[in-house]
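Now for the letters of each chain:
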Amino acid sequence: MTDLKEFAPDSKIWVFTANRKMTDAEIRQIDQKLDVFCRSWTSHSNKLHAEAFVLHGYFIILAVDNKDHLASGCSIDTAMRFIQTLQIDFDIDLLDRESFVYLKDDQPQLVRKDQLAGLIQSGTVSDDSMFYDPLVATWEEMQAGFIKPMGSFWMKNMA
């Protein structure tokens, strides 16, 4: 996330959670494609100051710095088509809203919504378990609370 340090606090962030951990080779290829996309991404013919990267092998983070130009509806549609292309190219689901990532022994772990109740019953996951919040919408929100205890936000209602 160091590439975003100079972004305005209200810069738009999109978090795409993968339905599986990406391999190192996939991450390298995806990072290259993300770089090409960000360098060419425009909104109403204005180049967007954008950054994107794979985080922990489970997330693709896409950010637009609002200091210069805002992403418009058409440019957001372009980004979504790009994400759909990555899904096809790498046989990975990045738009599945039933995959969540939490920390277990300080390591990111993927859990599906249908597995969550069992993990809670077994004591593996509790209200104190640290989950990533894929619904953060700005750089400021991401810095302040991308990782938080399950019991402190909407994740508590998932089990």
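Refer to the preceding data block for the structure.
Read on for a plain summary of the structure. (Residues numbered from 1 in each chain as written. Predicted model: local features only at pLDDT ≥ 70, side-chain atom pairs only at ≥ 80, totals over all residues. Heavy atoms only, no water.)

**A look at the packing of aromatic side chains**
Just so we agree on the cut-off: Pairing of aromatic side chains here covers Phe, Tyr and the six-membered ring of Trp, requires ring centres within 6.5 Å, and sorts the geometry by plane angle: under 30 degrees stacked, over 60 edge-to-face, intermediate tilted. Under the scheme used here, helices are H or I runs from DSSP no shorter than 4 residues and strands are E runs no shorter than 2 residues, and both carry numbers assigned from the N terminus. In this scheme, a residue with accessible area under 20% of its type's maximum is buried, one over 50% is exposed, and one in between is partly exposed, where area comes from a 1.4 Å probe on protein chains only.
One pass over the structure, following the stated rule, counts seven aromatic pairs. For the pair Phe 37 and Phe 82, a centre-to-centre distance of 4.4 Å together with 10° between the ring planes defines the contact as stacked. Of this pair, Phe 37 sits in helix 1 (residues 24-40) while Phe 82 sits in helix 2 (residues 73-90), and the two are 45 residues apart along the sequence. When sorted by exposure, Phe 37 lands in the same class as Phe 82, which is buried. Seen from their ring centres, Tyr 102 and Phe 131 are 5.3 Å apart, and the 25° between their planes marks the pair as stacked. Separated by 29 residues along the polypeptide, Tyr 102 in strand 6 (residues 99-104) and Phe 131 in strand 8 (residues 130-132) bring together distant segments of the chain. The burial state of Tyr 102 is the same as that of Phe 131; both residues are buried.

**Regarding unusual backbone geometry**
A positive phi angle is found at Asp 91, which is not glycine, with a value near 45°. Mapping Asp 91 onto the fold places it in the loop between helix 2 and strand 6. At Asp 106, a position not held by glycine, the phi torsion is positive, near 65°. With a relative accessible area of 66%, Asp 106 lands in the exposed category.

**Notes on the nonpolar core**
For clarity, the cut-off: For this analysis, a nonpolar core means a set of buried residues of the types Ala, Val, Leu, Ile, Met, Phe, Trp, Tyr and Cys, connected via side-chain atoms within 4.5 Å. Note on definitions: a residue-residue contact is assigned when non-hydrogen atoms from the two residues lie within 4.5 Å.
Formed by 24 residues in total, the largest nonpolar core has its most connected members in Trp 41, Ile 60, Leu 62 and Leu 86. Of all the secondary structure elements, the ones that give two or more residues to this core are strand 1 (12-17), helix 1, strand 4 (50-55), strand 5 (59-64) and helix 2. Setting aside its immediate chain neighbours within four residues, Ile 60 contacts Trp 14, Val 15, Phe 16, Met 22, Ile 30, Leu 34, Phe 53, Val 54, Ile 83, Leu 86 and Leu 94. Core analysis: the second largest hydrophobic core is formed by 16 residues, Leu 4, Val 15, Tyr 58 and Ile 61 among them.

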